[in-house]
Amino acid sequence: MPVVVVESPAKAKTINKYLGDDYTVLASYGHVRDLPPKDGSVDPDNDFDMTWEVGTDSRKHVKAIADALKDDNELILATDPDREGEAISWHLEEALRNRRAIKKDTEVRRVVFNAITKSAVTEAMQAPRAIDEDLVEAYLARRALDYLVGFNLSPVLWRKLPGAKSAGRVQSVCLRLIVEREMEIEAFDPREYWSVKAQLVTPRGQAFEARLTKLAGRKLEKYDLENATQAELAVQAVASRDLRVASVEAKPTSRNPAAPFMTSTLQQEASRKFGMGARQCMSTAQRLYEAGYITYMRTDGIDMAPEAVHAARDAIRDRYGADYVPKSPRMYKNKAKNAQEAHECIRPTDMTREPAALKGADADQRKLYDLIWKRTLACQMEAARLERTTVEIESADGEVGLRATGQVVLFDGFLRVYEEGRDEPAGDDDDKRLPQIAEGDAAAFAAGSFRDAHAKALDQKAEDTPARKDDRPAILSEDGAVLALRHFTQPPPRYTEATLVKKMEELGIGRPSTYASIVTTIQDREYVRKEKGRLIPEDKGRIVTVFLLNFFRRYVGYEFTAELEDELDRISAGDMDYKEVLRQFWRDFSAAIAETSELRITEVLDVLDDALAPQLYPPREDGSDPRVCPLCGEGNLHLKTSRSGGFVGCSRYPECRYTRPIGGDDGQGDRVLGYDDGDEISLRSGRFGPYVQRGEATEDNKKPPRASLPKGWSPEEMDLEKALKLLSLPREVGPHPDDGEMIEAGIGRYGPYVRHGRLYANLENAEDVFTIGMNHAVEVLAKKAASRGRGRGGAKPLKELGEHPAKGGPVNVMDGRYGPYVKWDKINATIPKDTDPQEVTLATAVDLIDQKAAKKGKGGGRKKTAAQK
């Protein structure tokens, strides 16, 4: 029987179902060889010779395949149809030849299929080919480049920037995007402008809203009303005039559906609609692919197979009727900058299969499948037909003009099934439906209609807007029908994972197979954190980026990185020699490494200090030197580094211990809150956020009492009383009624808590620390003790996820001392901080378990019983 090898057990199970007992289907469990993580694995002096090593976990899988080949003299490599899949097949063949498991007469064939269906697998078996050497060489070039950058640039970072973890050929460019966006936000100067709108009534008593577009006989531009005085005059000009409808224009328009999914757009839409990270999205899609429900999920292509197009049109006709099927099929052409991995789009393998029909799928898989299914049907549906109406209203003297817009859907078309999400909220003025309005109609004011909106605007006065002499956020006409609202221009938004992938795609950086890992790596390295779905650079991420921009600017350049990706594409097409690409890269890169290695840390910090000066030392309101220490008034501020990242500190250290984060102190600054027992109580900004301190550091007392501000406490609201409460912690609640041992309440690294001996129990908020009484404390501690059970084995799961899909055994979400984690067999994997434990799915849990197992060097599998063997 021929031996068929695929990457995963799930894929093997599905394929085995189609091939039957005539084939032996085995899994390689991903890549079987890699470059050893040590110096010399790629040797530039020996024509970039690469030393490969079979992974510890992979040896047993390679052995299993080699054992199978003892009886079967035919090997079919059926790994994924992209560059990575080709590389796995090549590695596997090389590893088996080195073991002499492949004999002279062993037939080795390569087959590829874009979907794991019976027809696709059967067709592929009828059209075998040899391993594509060009694709393999493109892989070798990429792997060598990544190694040369990582193993030569990372040590430079470690020596020059304590706390820096690594640099990567693409990850550093991705980090640069996030850091530069943050700098744009910090440098942004908001501009004030005003808009004016009126609530009007038709002669038939129907209300509608119109915005001011013409004032003093001239077209009103967005920024023409610059302040409250001008806005007030505009409100009076509108409210004092009689208005009439000058024209009504209705124009038909249409909206076409979005193209079917490729990797980047699937990640973007899953992020917008479900908040899925790139890695979670790809892991879920992988399982759908391996189960045979969707086509291959790593692709740059948006074209669809003709038979799939016809199947989609038939499904639309059966489900929604002939009106929803366009006369001719919609054809989509790939628009990506590079299309190295341009397989077919991501689509369902069966257009009639609804999400409810997926067998053995979890909630994430059903959600993602539903998204893919609806998007695929929508892309072959009729356009939506709409009617957009524009109403112009003017005063008799032509001095004032207003405009009302609205639209109505005449035929929903593809909108019946699917509408693409947005990265940023859009205004909904155009979506409003207007009442019946005729040219020449009088437009009366709807008295009092904006009073509630005016009151709401006053309540929601922006806290982060610059202080102004006239600080009114809204102005209302006397009759309450005309309202002016203040606005400020907004800085560019921080990237989400979705918008970051979109930007990388636009620049030609990375590929479908690498987007998720790049975005994940910069978070794992603690260069970036995610808050409310937005990516924010940490101080160490800024330092690394500025260092690379000053000493290795070419190698974090967007154009250079995209050009290198283009060269890799040309290698995969057979148009370029991969060794020549490596030679050209290494010649200049090695020279840059050698040059930077000679620099001292102080020289590097001086360069970075100058480069970051606009962000580190912005002008002060009083005009004083922004580099003078605000605490001692004598020392100068300078950039410093530590293992936790960069910070700004005083040159008089240790006499003056002033520090603040690179990102600034949120405008609060250090300040004295008052005095207690002769000690100065001050609010300060440190590397890890704001804190309060008693007294100053001296030779005798190098570490005066300090307390960080707990979550929810803002620096601007701090006063002496609050500071003393924090500095008094931990607080004694009283002796425990059972054993007389003191119960304490305090705030630790994991938040507010009560403690009895070695038992800690979390409290809901910081205020509880100061108010909790004995009865409540004993109750909270008792609940914690009960939840812990008798040791870990007795703990009750927070959530039971079911059996491990590949290896059996229960997978559960548990509550641990250091936070929630997933447990399977003897493996405990921490759940990321930004993930709700109740939303963890079986697929996510298995991913976390696999990653933990890989880090520990385990096989990630429980020992098989004799029966299972």
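Cut-offs applied
- Sequence positions are assigned chain by chain, starting from 1 and proceeding in written order.
- Reporting of local features is limited, given that this is a predicted model, to residues whose pLDDT is at least 70; pairs of side-chain atoms are given and counted only at 80 or more, and all residues count toward the totals for whole chains, interfaces and linings.
- Side-chain descriptors were evaluated using all non-hydrogen atoms of the structure, hydrogens and water having been removed beforehand.
- Pairing between strands is defined by DSSP: at least two bridges between them are needed.
- Secondary structure elements are taken from DSSP: a helix is a run of H or I of four residues or more, a strand is a run of E of two residues or more, and numbering for both begins at the N terminus.
- Lines fitted to C-alpha atoms define the axes here, with helix axes fitted over just the stretch in contact, and angles between the N-to-C directions of these axes take values from 0 to 180 degrees.
- With a 1.4 Å probe rolled over the protein chains alone, any residue whose accessible area is under 20% of its type maximum counts as buried; one over 50% counts as exposed, and the rest are partly exposed.
- By the definition adopted for this analysis, an angle is roughly parallel if under 35 degrees, roughly antiparallel if over 145, roughly perpendicular if from 65 to 115, and oblique otherwise.
- Helix crossings get a hand from a simple test, with the near helix turned counterclockwise from the far one by less than a right angle marking a left-handed crossing and a clockwise turn marking a right-handed one.
- Whether two residues are in contact is decided by their heavy atoms, any of which lying within 4.5 Å being enough.
- Each residue is assigned to one of three groups, with Ala, Val, Leu, Ile, Met, Phe, Trp, Tyr, Cys and Pro labelled nonpolar, Asp, Glu, Lys and Arg labelled charged, and all others, Gly among them, labelled polar.
- In this description, the term disulfide denotes a pair of cysteine sulfurs within 2.5 Å.
- The length a helix should cover is 1.5 Å for every residue beyond the first.
- By definition, pLDDT measures how confident the predictor is in each residue, and it falls between 0 and 100.
- What counts as a ring pair is set by centres within 6.5 Å for rings of Phe, Tyr and Trp (its six-membered ring), and what kind of pair is set by the plane angle: stacked under 30 degrees, edge-to-face over 60, tilted for all other angles.

It is worth spelling out the sheet that holds strand β30 (residues 759-762) at this point. Read from one edge of the open sheet, four strands run β27-β28-β29-β30, paired in antiparallel fashion. Among the strands making up the open sheet, the edge pair consists of β27 (731-735) and β30. Here the average twist between neighbouring strands, direction ignored, is 25 degrees. Bridging between strand β28 (residues 742-748) and strand β29 (residues 751-756) involves six bridges; their strand directions are antiparallel. In the strand pairing of β29, Gly 746 is matched with Tyr 753.

This next bit is on unusual backbone geometry. Note that the residue after Leu 729, namely Pro 730, is joined by a cis bond; omega there is 0 degrees. Relative to the helices and strands, Pro 730 resides in the loop between α20 (720-727) and β27. One non-glycine residue, Tyr 29, lies in positive phi territory at about 60 degrees. Mapping Tyr 29 onto the fold places it in the loop between β2 (24-27) and β3 (33-34). Although it is not a glycine, Asp 825 adopts a positive phi angle of roughly 55 degrees. Here Asp 825 is to be found in the loop between β33 (819-824) and β34 (827-830). Accessibility expressed as a relative area gives 31% for Asp 825, which makes it partly exposed.

Now for the packing of helix α6 (residues 171-187) against helix α13 (residues 497-507). Direction vectors running N to C along α6 and α13 enclose 120 degrees, while the axes themselves pass 11 Å from each other. Judged on the interaxial angle alone, α13 and α6 are oblique. Crossing hand, α6 versus α13: right-handed. Of α13, the residues touching α6 (which contributes Cys 174, Leu 177 and Ile 178) are Leu 500, Lys 503, Met 504 and Leu 507. For the contact of α6 with α13, the per-class residue count stands at six nonpolar, no polar and one charged.

Moving on, we come to α13. Counting buried positions along α13 gives eight out of eleven residues, so the element sits mostly inside the fold. Those residues of α13 that sit buried are Glu 497, Ala 498, Thr 499, Leu 500, Val 501, Met 504, Glu 505 and Leu 507. At the C-terminal side of α13, Gly 508 shows a positive phi close to 80 degrees.

Our focus in this paragraph is the side chain of Asn 812. With respect to the helices and strands, the residue Asn 812 is situated in strand β32 (residues 810-816). Owing to a relative accessible area of 16%, Asn 812 belongs among the buried residues under this scheme. Sequence-distant contacts of Asn 812, that is, excluding residues within four places in its chain, are made with Pro 797, Lys 799, Glu 800, Leu 801, Tyr 821, Val 822 and Lys 823.

The next thing to look at is the state of the cysteines. What is meant by a disulfide is a covalent connection between two cysteines, made through their sulfur atoms. Throughout the structure, instances matching the rule amount to zero disulfides. Residue Cys 281 stays outside any disulfide, its sulfur separated by 15 Å from that of Cys 345, the closest cysteine. Residue Cys 281 is classed as buried on the basis of its relative accessible area, which comes to 0%. Looking at the unpaired Cys 656, the closest cysteine sulfur is the one in Cys 629, lying at 3.7 Å.

For helix α3 (residues 83-98), which comprises 16 residues, the first-to-last C-alpha distance of 22 Å matches the rise-based estimate of 22 Å (1.5 Å per residue) to within 8%. All of the buried residues along α3 are Arg 83, Gly 85, Glu 86, Ala 87, Ile 88, Ser 89, Trp 90, His 91, Leu 92, Glu 93, Ala 95 and Leu 96. Of the residues flanking the end of α3, it is Arg 100, one or two places downstream, whose phi is positive at about 60 degrees.

A residue-level look at the protein finds 92% of positions with pLDDT of 70 or above and a mean pLDDT of 87. Low pLDDT (under 50) marks residues 858-869, which in the prediction has 21 contacts with non-local residues, meaning those over four places away or in another chain.

Here the focus is the pairing of strand β24 (residues 679-686). Across the eight residues that make up β24, a large majority, six, are buried. Of the strand pairs in this sheet, strand β23 (residues 671-676) and β24 are connected by five bridges, and their pairing is antiparallel. Across the sheet, the residue bridging to Val 672 is Ser 682, located in β24. In textbook terms, the turn of a hairpin is the stretch between consecutive antiparallel strands, and for β23 and β24 this stretch comprises two residues, one of which, Asp 677, has a positive phi near 55 degrees. When β24 meets strand β25 (residues 689-694), the two strands line up antiparallel, connected through six bridges. In the strand pairing of β25, Ser 682 is matched with Gln 693.

So, on to the packing of helix α5 (residues 133-160) against helix α15 (residues 539-551). For the pair α5 and α15, the least separation of the axes is 12 Å and the interaxial angle reads 115 degrees. For the crossing formed where α5 meets α15, the hand is right-handed. Touching Leu 153, Val 156, Leu 157 and Lys 160 of α5 are Val 544, Phe 547 and Leu 548, all from α15. Within the contact of α5 with α15, the residues separate by chemical class into six nonpolar, no polar and one charged.

Glancing now at the sheet that holds β33. Adjacent strands of a sheet pair through backbone hydrogen bonds, lying either parallel or antiparallel. An order of β31-β32-β33-β34 is seen for the four strands of this open sheet, with the pairing classed as antiparallel. Bordering the open sheet on either side are β31 (799-803) and β34, each of which pairs with just one other strand. When strand polarity is set aside, the average angle formed by the axes of neighbouring strands in this sheet is 25 degrees. When β33 meets β34, the two strands line up antiparallel, connected through four bridges.

Glancing now at the packing of aromatic side chains. The geometry of an aromatic ring pair is captured by the separation of the ring centres together with the interplanar angle, meaning the angle of the planes. Under the criterion given, the structure shown has 19 aromatic pairs. Relative to Phe 411, the ring of Tyr 324 lies with its centre 4.8 Å away and its plane at 40 degrees, an arrangement referred to as tilted. Of this pair, Tyr 324 sits in the loop between α10 (306-320) and α11 (363-379) while Phe 411 is found in strand β14 (residues 400-411), placing the two residues 87 residues apart along the sequence. An angle of 50 degrees between the planes, with centres 6.2 Å apart, marks the rings of Trp 586 and Phe 589 as tilted.

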